[in-house]
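Each chain, letter by letter, is given below.
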Amino acid sequence: MNIPDSSQKRIVIIGGGFAGVTLAQKLNHKGFQVVLIDKQNYHTFQPLLYQVATGGLEAGSIAYPLRKVIQGFSNFYFRMTSVKEIDTQNHKIISEIGELRYDYLVIATGSKTNFFGNKEIERNAMSMKTIPQSLNIRSFILENFEQAVLTKDVNERNALMNFVLVGAGPTGVELAGALAEMKKEILQKDYPDLDIQKMQINLIQSNDRVLNTMSEKSSIASEKFLENLGVKVYKNLRVTNYDGRTVTTNTDIVFDTATVIWTAGVQGAAIHGLKADALVDRVERIKVNEINLVKGYDNIFALGDIACMETTQYPQGHPMMAQPAMQQAALLAENLPKYIAGKPTKPFVYHDKGSMATIGRNLAVVDLPKYHFSGFFAWFVWMFVHLFSLIGFKNKAVVFMNWVYNYVRYDREGRLIVRPYKKKSFVTFTSDEV
């Protein structure tokens, strides 16, 4: 990888998400050689991916160059590659561009979509964990309407305008709300020759309430907001299959649709090489102790979504969100010099600062440790927190200006098919239909 030898201990960080970036920033001036590795050369602000998918923001607004994160840091390096395996015996990682020895390794690879073993759903549904996936969704949504204008087959047209979102967590709820606003304010103007009222937005949740990780008050409020926007919410309904055209469920309810967006679950993005007993079955998270040291190793750490730190309050590990990832990374940066020097370290304690989700214009829900509120003020708080959390002044300014424009004009300027995405032969046109 062309990393120079150094008299300083080498810390290799795999992953440029919230945990990896926070740790890299906090390790500056700590006396280490730091190598940050990611398969992309940018950090993604994942909470706003749904706005890229629905045309509210351009991809560059929620991405930040990883080389700029460590710009000016002494003895810091970035390499763009995918890590294929960890050779724990020889203390090195094996990547697409070569091997690299480490003194200490930090795995911060985040999470990926969990299809719970259903390969056909995985093959035919769409995910929204990365910027390319969000751009695919945006293109596919717009392409569906372009095809709906052309076809004379009513069933085909309805399927193209029927959207099924599986999973009513924050991502599913926010995406459903954004699609509903597009239907209400934008699509009927863009496609006057289509009956946009026939567009359906279906949100499916396998248990008895949406946003089930938030308070019951926020759950009830968000469901009411969604229904008022025209979203059909299905609870206690489980999707069993999707063949690219028909969604089947554990009941007699079926959906004829060209588009299924899967937000029903996540699992750790694990890397080969760790002992089997270091992994939690099914969710592929890595078992760590109170300082994020991986079980069975003395020089490998894991942070964020990939890490499973079992505590009394969180027996299945901390929530797979940005807050725990950033807090764990900040503490590890403080603990690492002490750990290496054999000094006492500080155990991790998660400070839950609250959670929130936006459903649409002037509509959001916020859970703070002692307060729960919804509506316009919650929406304002959501905007402020997300704007403040973005990396880079330019990103903040661009996102703010986009939000102001969208709010004043009831518009979304990002309705561009710049990278066409077509699923295999969903709709075929005869010559007289085109």
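Read on for an overview of the structure.

1. What about the packing of aromatic side chains?
Line of reasoning, step 1. The full count for this structure, using the stated rule, is 15 aromatic pairs.
Line of reasoning, step 2. With centroids separated by 5.6 Å and ring planes inclined at 85 degrees, the aromatic side chains of F301 and Y339 adopt a geometry described as edge-to-face. With F301 in strand β21 (residues 300–302) and Y339 in helix α9 (residues 322–341), this residue pair connects regions lying 38 residues apart in the sequence.
Line of reasoning, step 3. Residue class for F301 comes out buried when judged on its relative accessible area of 1%.

2. Some thoughts on the environment of A322
Line of reasoning, step 1. Counting through the fold element by element, A322 comes out in helix α9.
Line of reasoning, step 2. Residue classification places A322 among the partly exposed positions, given a relative accessible area of 23%.
Line of reasoning, step 3. Distance in space between the C-alpha atoms of A322 and Q46 is 9.0 Å, their sequence separation being 276 residues.

3. A look at helix α8 (residues 216–228)
Line of reasoning, step 1. Counted at 1.5 Å a residue, the expected span for α8 with its 13 residues is 18 Å, and the 18 Å between its end C-alpha atoms agrees.
Line of reasoning, step 2. Buried within α8 we find S218, S219, A221, S222, E223, F225 and L226.

4. Notes on the sheet that holds strand β23 (residues 355–360)
Line of reasoning, step 1. Spatially, β23-β24-β25 is the arrangement adopted by the three strands of the open sheet, whose pairing is antiparallel. Only two strands of the sheet have a single neighbouring strand rather than two, namely β23 and β25 (372–374). For this sheet, the mean inter-axis angle between neighbouring strands, taken without regard to orientation, is 5 degrees.
Line of reasoning, step 2. Relative to strand β24 (residues 363–367), β23 is paired through five bridges, and the arrangement is antiparallel. Counterpart to A357 in the pairing with β24 is V365.
Line of reasoning, step 3. Against the sheet, α8 engages β23, β24 and β25, with an angle of about 170 degrees to β24.

5. Description of the pattern of salt bridges
Line of reasoning, step 1. Inspection of the entire model under this criterion finds eleven salt bridges.
Line of reasoning, step 2. The shortest N-O distance in the salt bridge between K92 and E99 comes to 2.8 Å.
Line of reasoning, step 3. Overall, K92 belongs to the partly exposed group, its relative accessible area being 21%.
Line of reasoning, step 4. Among the charged side chains, a salt-bridge network with shared partners connects E156, R245 and D256.

Thresholds, definitions, all that
Residues numbered from 1 in each chain as written. Predicted model: local features only at pLDDT ≥ 70, side-chain atom pairs only at ≥ 80, totals over all residues. Heavy atoms only, no water. Phe/Tyr/Trp six-rings, centres within 6.5 Å; stacked < 30°, edge-to-face > 60°. Helix = DSSP H or I, 4+ residues; strand = E, 2+ residues; numbered from the N terminus. Buried < 20%, exposed > 50% of the residue type's maximum accessible area, 1.4 Å probe, protein only. Expected span 1.5 Å × (residues − 1). Pairing = 2+ DSSP bridges. Axes fitted to C-alpha atoms, helices over the stretch in contact; angles between N-to-C directions. Contact = heavy atoms within 4.5 Å. Salt bridge = Lys/Arg side-chain N within 4 Å of Asp/Glu carboxyl O.

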